[in-house]
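# Understanding the architecture of this molecule
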Amino acid sequence: MPIVLGPNRYGKAENRVVRIYRDQARHEIRDINVSTALRGAFAGAHLFGDQSQVLPTDSQKQTAYSFAKEKGLVTIEAYALELGRHFADTVEYVDSARIEVEEFLWQRVSAGGIEHDHTWVRSGQEVRTAAVTIEGHGDDQSATVIAGFKDLTILKSTGSEFAGFYEDGYTLLEPTNDRVMATSLVAQWRYVGTDVDWNAAYEGIKTILIEKFATLHSLALQQTLFEMGKAALEAYDSLAEIRFVAPNKHHFVYNLEPFGVENNNEVFNADDRPYGLIQVSVLRDELPAAPAAWDSYTGLV
Ligand SMILES: O=c1[nH]c(=O)c2[nH]c(=O)[nH]c2[nH]1
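Residues numbered from 1 in each chain as written. Predicted model: local features only at pLDDT ≥ 70, side-chain atom pairs only at ≥ 80, totals over all residues. Heavy atoms only, no water.

In this structure's numbering, the residues bearing the UniProt feature "binding site: urate" (unreviewed entry) are Thr-57, Asp-58, Phe-162, Arg-179, Gln-222 and Asn-248. A maximum C-alpha distance of 51.4 Å is found for the annotated residues, which run over 192 residues; spatially they are spread out rather than grouped. For Asp-58, the position within the fold is in helix α2 (residues 57–70). With respect to the helices and strands, Asn-248 occurs in strand β7 (residues 239–248). Setting aside its immediate chain neighbours within four residues, Asn-248 contacts Arg-179, Ala-182, Leu-221, Tyr-275 and Gly-276. (UniProt positions renumbered as here; feature names shortened; annotations may be inferred. Helix = DSSP H or I, 4+ residues; strand = E, 2+ residues; numbered from the N terminus. Contact = heavy atoms within 4.5 Å.)

Let us now look at a nonpolar patch on the surface. A cluster of nonpolar side chains, namely Leu-5, Leu-47 and Phe-48, defines an oily patch on the protein surface of about 330 Å² accessible area. Here Leu-5 is to be found in the segment before β1 (15–21). Looking at Leu-5, the relative accessible area reads 32%, which means it is partly exposed. (Patch = residues over 30% accessible without salt bridge, like charges linked within 9 Å, V, L, I, M, F, W, Y side chains within 5 Å. Areas by Shrake-Rupley, 256 points an atom, 1.4 Å probe, with all protein chains shown as cover. Salt bridge = Lys/Arg side-chain N within 4 Å of Asp/Glu carboxyl O. Buried < 20%, exposed > 50% of the residue type's maximum accessible area, 1.4 Å probe, protein only.)

A few words on the domain arrangement of the protein. Each domain of the protein was delimited in the assignment, giving domain 1 (1–140) and domain 2 (148–301). The C-alpha centroid of domain 2 is placed 29 Å from the C-alpha centroid of domain 1. The partner domain 2 presents 22 residues to the 30 residues of domain 1 that form the contact. Each partner contributes to the roughly 2,000 Å² buried at the junction of domain 1 and domain 2, and carbon and sulfur atoms together form 51% of this total. Remark: the boundary between domain 1 and domain 2 carries four salt bridges. The partner of Lys-206 in a salt bridge is Glu-126, and the shortest N-O contact between them spans 2.9 Å. Here domain 1 and domain 2 share 15 residue pairs in polar contact (both at pLDDT 80 or more) between them. Elements represented by at least two residues in the side of domain 1 that touches domain 2 include exactly β2 (28–40), α3 (76–90), β3 (94–111) and β4 (114–135). Ranked by residue count, the leading element in the side of domain 1 that touches domain 2 is β4, at nine residues. (Domains from an automatic or database assignment. Buried area = accessible area lost by both parts, 1.4 Å probe. Polar contact = N/O pair within 3.5 Å; in protein donor to acceptor, adjacent residues only side chain to side chain.)

Moving on: the pattern of salt bridges. Taken as a whole, this structure holds 15 salt bridges when the rule is applied. For Lys-230, the salt bridge goes to Glu-227, with nearest N and O atoms at 3.9 Å. Here Lys-230 pairs with Glu-227, and both are found in helix α5 (residues 221–235), just three residues apart, close to one helical turn. Looking at Lys-230, the relative accessible area reads 33%, which means it is partly exposed. By relative accessible area, which is 21% here, Glu-227 ends up partly exposed. Close ionic contact of Glu-234 with Lys-230 constitutes a salt bridge, the shortest N to O distance being 3.8 Å. Placement of the pair is Glu-234 and Lys-230 together in helix α5, with a separation of four residues, close to one helical turn. By relative accessible area, which is 57% here, Glu-234 ends up exposed. Within this structure, Arg-9, Arg-39 and Asp-295 form a network of salt bridges that share partners.

The following block contains the structure:
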């Protein structure tokens, strides 16, 4: 049976690019981790060690840094589109380019009650992400943008139940009508097209997701996630699909009975593992799926 080369891609992973805008006294900072990956006519490199069609990963790295100045780094979505289109349009042997970005957020400090011009503390709330896939050339070219965040830790201390579940011979869990619900949320959404106000959409979608988590009386994390996704899709026509990965960060009521102390959902053990892991996709039924857009290169976004 012949042995053949299968799907392959290559690029420079995790370029840590920091861009400071310093044209005015009040500086701006963008802090990203960007990865590039190219697919195309690269069989020769694998089969014969022929590099004549291989743009070095080092060149991809240099482009990522240079584009932070040449094209700007205002939003990670626009920057990733610039980079991806550049590789697909100008590098002869490239059929498709994938750009994945994590953005580390910074919050301006205040000094003497005034926001400081050029000092920040790292903002711990979430890591913003984007993954752009460019396929083809010229009029046949397609661009797909997935944006989102990860590591958004969110907790509600009531307004959450888990009861009425299927039970078998191994079920010990007691149903509850009042529990703590917490997760460290990964949310990624796929846009229809690229004509989007990236920052406004990001902030708007994130706000909707958080508000729904807070206000929905939850019967399960699964239901909460579905309703969060539905609310975002209802509010934003530009969204085709949203996917969540949500570890259920269990908070178990701690047994204080041995000490004669009453515990009415007041003291918990925040268990770190194991955790329930809920993965949900919410989408517009009529739109075509885009499996390539979800084919992660680094696994970071
Ligand atoms: O929201 C939940 N969904 C589950 O599927 C589940 N399973 C479990 O033990 N606790 C929970 N909570």
